[in-house]
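If you want the building blocks of each chain, they are given just below.
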Amino acid sequence: MRYEGDIYRPPSEAYSYLLQVTVGCSHNKCTFCSMYKNKRFHIRKMEDILEDLEMARKAYRRVDRIFLCDGDALCLANYKLLTILEKIRELFPECERVSSYARGSDINRKTEDELKELKAAGLSMVYVGAESGSDEVLRRIKKGSTSAEITAAVQKVERCGIAASVTFISGIGGQELTVEHAVKTGQMIREMEASYVAILTFMPRPGAPMCEAIANGDLVIPSPIEAIEEIKMILENTRGLKKTCVFRSNHASNYLNLKGNLPEDLDRLIEMCDYGLSHQEMLKSEMLRML
Ligand code: SF4
């Protein structure tokens, strides 16, 4: 109920109660991200977090979903997360889903038993920003993790019963790395077997360090057509994926809306990319795109 600074959440948490457990991001170095650059990372006092939950209970008659903010709430020690989850269960028995952002390193730091404890206490989904399957792209954007580390983290939470919703960003490698980014991202989607995968399209955020590279010409953002070709190439490289995954590329930043399940809808999604490439008039105009 009380928030420090700007609050961000995944689009699918639009109707969730947002509980701030940390302020900022413990990494805070990604060059494309400006979300928490003006926040000094810290963990909120447990008494304040629990008090917020009491206040929310008084304010809202029904709370179906709760999202733990800010950038990587899963960095908290398990005993703290368990205290929060137990309080949620006590105060909001109707709550069907508790979720948070998580970095690959947050997940990998926890044992499988700890992750299973979190699942049993009510954590049902984590949102992981993978951004790219290419280690070169990840190095350039200062993600702080390799694709193998993120893949291992996603596989680990899924094994423990927590659904992973993984986001990639089309265009994040610029024109220079588009093929490398697309091929490796498709391969990573195939290997990690997440429950949900989303592909956004890169838009520079004011205040993000990457804006400087764009301004001085070191990074050239792919055109709308190149962005769709890149997404098509990502999809083509998921061929061979065995576990069903909900695929979405229908974010406000995308030029073309794609929605389906992989691998079942793979050919249809590729055909939709081809249709968009040959009917450019149906692509979202630059004015209507947003993050
Ligand atoms: S993208 Fe995620 S991990 Fe990177 S700085 Fe932003 S919030 Fe932190």
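Quick notes on the rules
Residues numbered from 1 in each chain as written. Predicted model: local features only at pLDDT ≥ 70, side-chain atom pairs only at ≥ 80, totals over all residues. Heavy atoms only, no water. Helix = DSSP H or I, 4+ residues; strand = E, 2+ residues; numbered from the N terminus. Rg over C-alpha atoms; globule rule 2.2 N^0.38 Å. Buried < 20%, exposed > 50% of the residue type's maximum accessible area, 1.4 Å probe, protein only. Areas by Shrake-Rupley, 256 points an atom, 1.4 Å probe, with all protein chains shown as cover. Near = heavy atom within 4 Å. Nonpolar A, V, L, I, M, F, W, Y, C, P; charged D, E, K, R; others polar. Pairing = 2+ DSSP bridges. Axes fitted to C-alpha atoms, helices over the stretch in contact; angles between N-to-C directions. Contact = heavy atoms within 4.5 Å. Phe/Tyr/Trp six-rings, centres within 6.5 Å; stacked < 30°, edge-to-face > 60°.

Across its full length, the protein carries 10 helices and 10 strands. At 19 Å, the protein has a C-alpha radius of gyration in line with the 19 Å of a compact globule built from 291 residues. Projected onto its principal axes, the C-alpha coordinates of the protein cover approximately 55 × 40 × 35 Å. When the 291 residues of the protein are sorted by exposure, 52% land in the buried category. As presented, the protein carries roughly 13300 Å² of accessible surface, and 52% of it is formed by carbon and sulfur atoms.

In the neighbourhood of the ligand, the contacting residues comprise Cys25, Asn28, Lys29, Cys30, Phe32, Cys33, Met35, Tyr36, Arg103 and Lys143. Tallied by class, residues from the shell around the ligand come to six nonpolar, one polar and three charged.

Read from one edge to the other, the open sheet built from eight strands follows the order S1-S4-S5-S6-S7-S8-S9-S10, with strand pairing classed as mixed. Edge strands, defined here as strands with exactly one partner in the open sheet, are strand S1 (17-20) and strand S10 (258-262). Shown here is a sheet whose adjacent strand axes are inclined to one another by a mean of 20 degrees, direction ignored. Relative to strand S8 (residues 196-201), strand S7 (residues 163-170) runs parallel, the two sharing six bridges. Within S8, the residue paired with Val166 across the bridge is Val197. Helix-sheet contacts for helix H2 (residues 78-91) involve S1, strand S4 (65-69), strand S5 (97-101) and strand S6 (123-131), and the interaxial angle to S4 is about 155 degrees.

As enumerated under the stated definition, the model contains five aromatic pairs in all. With centroids separated by 5.6 Å and ring planes inclined at 85 degrees, the aromatic side chains of Tyr8 and Tyr36 adopt a geometry described as edge-to-face. Here Tyr8 is found in the segment before S1, whereas its partner Tyr36 is found in the loop between strand S2 (22-23) and strand S3 (42-43), with 28 residues between them in sequence. Exposure remark for Tyr8: the relative accessible area of 21% places this residue in the partly exposed category.

In this section: unusual backbone geometry. Going from Cys69 to Asp70, the amide bond is cis rather than trans, its omega being 0 degrees. Tracing the sequence through the fold places Asp70 in the loop between S4 and H2. Of note, the bond from Leu262 into Pro263 is cis; its omega dihedral lies within 30 degrees of zero at 0 degrees. Here the phi dihedral of Glu131 falls at roughly 70 degrees; this positive angle occurs in a residue that is not glycine. Mapped onto the elements of the fold, Glu131 is located in strand S6. In this structure, Lys142 is a non-glycine residue whose phi angle is positive, near 60 degrees. Here Lys142 is to be found in the loop between helix H5 (135-140) and helix H6 (147-159).

Any functional reading would require information that these geometric values do not contain.
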